[in-house]
Amino acid sequence: LQLVESGGGLVQPGGSLKLSCAASELSLGPYTIAWFREAPGKEREVVSCINKGDDLTFYGDSMMGRFTIARDNNRNTVNLQMNILKPEDTAVYYCAATQKFLFGQWHLSGVYDYWGQGAQVTVSS
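Residues numbered from 1 in each chain as written. Predicted model: local features only at pLDDT ≥ 70, side-chain atom pairs only at ≥ 80, totals over all residues. Heavy atoms only, no water.

Chemist: What's the story with the overall build of the protein in this structure? I'm lost.
Modeler: Counting its regular elements, the protein contains zero helices and 11 strands. From first element to last, N terminus to C terminus, the protein shows the α and β order β-β-β-β-β-β-β-β-β-β-β. Considering only C-alpha atoms, the protein reaches an extent of 40 × 30 × 25 Å along its principal axes. When the 125 residues of the protein are sorted by exposure, 44% land in the buried category. For the protein, the share of sequence-separated contacts (at least 6 apart) that also reach a separation of at least 24 residues comes to 58%. Put simply, the protein shows about 6,400 Å² of open surface, and 49% of that area lies on carbon and sulfur atoms. Charged side chains in the protein number 10 positive and 12 negative. The centres of these two groups are separated by 3 Å. (Helix = DSSP H or I, 4+ residues; strand = E, 2+ residues; numbered from the N terminus. Buried < 20%, exposed > 50% of the residue type's maximum accessible area, 1.4 Å probe, protein only. Contact = heavy atoms within 4.5 Å. Areas by Shrake-Rupley, 256 points an atom, 1.4 Å probe, with all protein chains shown as cover. Lys, Arg positive; Asp, Glu negative; His and termini not counted. Charge placed at Lys NZ, Arg CZ, Asp CG, Glu CD.)

Pasting the structure below:
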């Protein structure tokens, strides 16, 4: 499974961006998909996750209420809508996938088997 992120860029504080995670050739339906981010000098941090099967969603504490993860089955993508962006949201955002159904481990990067190359998101005035 090859994952490709798109939609990153530069946005002012308070603005919005939508990231997309796409898979070449295969459907993302059978996969649990997560977004992680990594800022310079910081550890990789989970952003959000959408489970396979029931599409149950999870969010990191600082993203709750601002970010929304959702599947677009028509386009075979998993999108991350990011609103009310803050400078501290600046990071490289990675899409990750696993065929496992996750509940308690959704926030652990080690449970994901496939990773994209990342998309830069910069929040700055």
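Chemist: Sorry if this is basic, but what is going on with the packing of aromatic side chains here?
Modeler: Taken as a whole and judged by the stated rule, the model has six aromatic pairs. Between the aromatic rings of Y31 and Y114, the centroid separation amounts to 6.1 Å while the plane-to-plane angle is 85 degrees, which identifies the pairing as edge-to-face. On the criterion of sequence distance, the pair formed by Y31 in the loop between β3 (17-23) and β4 (32-38) and Y114 in strand β10 (residues 114-115) is long-range, its members being 83 residues apart. The exposure class of Y114 is partly exposed, given its relative accessible area of 27%. Plain terms: the ring middles of F36 and W115 are 5.1 Å apart, the flat faces sit at 50 degrees to each other, and that makes the pair tilted. Taken together, the residues F36 in strand β4 and W115 in strand β10 connect sequence positions 79 residues apart. Taking relative accessible area as the criterion, W115 reaches 27% and is therefore assigned partly exposed. Cation over ring: R44 sits above Y94, and NZ or CZ is 4.3 Å from the ring centre. Here R44 stacks its cationic end above the ring of W115, 4.7 Å away from the centre of that ring. (Phe/Tyr/Trp six-rings, centres within 6.5 Å; stacked < 30°, edge-to-face > 60°. Lys NZ or Arg CZ within 6 Å of the ring centre and 35° of its normal.)

Treat this as a map of the structure, not an account of what it does.
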